[in-house]
Amino acid sequence: MTDTKVKNDLIASYQADAGFIVHDRKMAERLYALVGIDPQRSLDWRIYDFEGVTHFFHHGVVSLVRKLAITANDHLLSPGEGTGAPSRLIVKMTGCKVTGVDINPDQIAKARELAALHNLQDKVEYFEQDVGELSLGKKDFTKAYCNETCGHWQYKERAFKRIHAHLKPGARIGFNAWLKGDKGSLNEAYGHVPEFRPLYKPGIWFQDDLDTYRKLLEEAGFTVLETEECTDKIDIKMRARLKASLQWERYEQVFGRQAGESALRYYRGMLQTHYDFLRYGVIIAEKSQSPAGKVE
């Protein structure tokens, strides 16, 4: 189980008044009205990139969907769901169903509100649980994915075993992951990168490298099929995002200059951590037919 202080600091880091803005339904409605997007019908990339506030962006989720070969017949497990932006995109792309789990009740509440905005209530459901204590009635999910949140999982070995127990044999799982950097995790960045300090509460980072992911997943009963180190790609895309002047002008037109500056500070601060304290990777694994080790 995640330590109480870590859990509380995680929840505090993902609030509207924290180091970056976590968008809710009302904010989304205002922006979509300005740019003329219907969230119930559109797959416009701006929807995900606005609602997600993530680093892999729209393209990274689309790529993961293709690697996992998700179809309308799948029922996905999404541990570390957050506010659900990737799941909404995946459902719209494929017609599948998603069960999302997150430790943060505020994120779950936002996910439900935004699912209603997209008219996807019949396709997504959410549960407030610690992934390391995952316990759902359904034990035959056909696939699973985690987009950018497993770097917060304090006890990955247990989380992977709990996920494994909820998947059908042969089910695949994909991760867009924040990895440890060359000089350590983001916990070490607080002492070296001033621009990063105000963005998150300290002590909430449990990043690993790709070799450690492989080891932990295999110990949990998965076979790792593919890994990719993609820091260069993410770094280039994030720098391009900072230069998208029209996007930021529209954002400030709706939410004000202070909100726009906050968003830009976030990406600038995160860019300062790249390579030394933050790398990125993609992992694809499959549930082996043989039983996993016992969960303690």
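Residues numbered from 1 in each chain as written. Predicted model: local features only at pLDDT ≥ 70, side-chain atom pairs only at ≥ 80, totals over all residues. Heavy atoms only, no water.

(A) Quick look at helix H9 (residues 210-219). Within the sequence span of H9, burial applies to Leu210, Tyr213, Leu216 and Leu217. Axial view of H9: buried residues confined to an arc of 125 degrees, hence all on one face. Where the residues of H9 are buried, they touch helix H7 (156-165), strand S5 (167-179), strand S6 (222-229) and strand S7 (279-287). At the exit of H9 stands Gly221, carrying a positive phi of roughly 110 degrees. (Buried < 20%, exposed > 50% of the residue type's maximum accessible area, 1.4 Å probe, protein only. Helix = DSSP H or I, 4+ residues; strand = E, 2+ residues; numbered from the N terminus. Arc of directions from axis to C-beta. Contact = heavy atoms within 4.5 Å.)

(B) Summary view of the nonpolar core. Membership of the largest hydrophobic core comes to 68 residues, with the highest contact counts inside it found for Trp178, Leu186, Phe196, Tyr200, Tyr266 and Met270. In terms of residues, this core owes the most to one element, helix H12 (residues 257-271), which gives seven residues. Apart from the residues lying within four places of it in its own chain, the contact partners of Phe196 are Leu186, Ala189, Tyr190, Trp205, Gly269, Met270 and Thr273. The next biggest cluster of nonpolar side chains, apart from the first, holds 28 residues, and it includes Ala144, Cys150, Ala159 and Phe222. (Core = buried A, V, L, I, M, F, W, Y, C linked by side-chain atoms within 4.5 Å.)

(C) Molecular detail of the pattern of salt bridges. Applying the stated criterion across every chain, the model contains 20 salt bridges. Its salt-bridge partner being Lys143, residue Asp74 comes within 2.9 Å of it at the nearest N-O pair. On the criterion of sequence distance, the pair formed by Asp74 in the loop between helix H4 (57-68) and strand S1 (75-79) and Lys143 in strand S4 (residues 141-147) is long-range, its members being 69 residues apart. The exposure class of Lys143 is buried, given its relative accessible area of 13%. A salt bridge links Arg279 to Glu229; its shortest N-O distance comes to 2.9 Å. (Salt bridge = Lys/Arg side-chain N within 4 Å of Asp/Glu carboxyl O.)

(D) Inspection of the side chain of Ser42 at higher detail. Locating Ser42 in the fold gives a position in the loop between helix H2 (25-35) and helix H3 (45-52). Within the structure, the side chain of Ser42 is placed 2.9 Å from the backbone nitrogen of Asp44, a separation counted as a polar contact. Beyond its immediate chain neighbours, meaning those up to four positions away, Ser42 contacts Ile37, Ile47 and Lys92. (Polar contact = N/O pair within 3.5 Å; in protein donor to acceptor, adjacent residues only side chain to side chain.)

(E) Structural view of the pairing of S7. With seven of its nine residues buried, S7 lies for the most part within the structure. Note: S6 against S7, seven bridges, orientation antiparallel. Along S7, the bridge assignment pairs Glu229 with Gly281. (Pairing = 2+ DSSP bridges.)

Remember that the coordinates give geometry; whether it matters functionally is a separate question.
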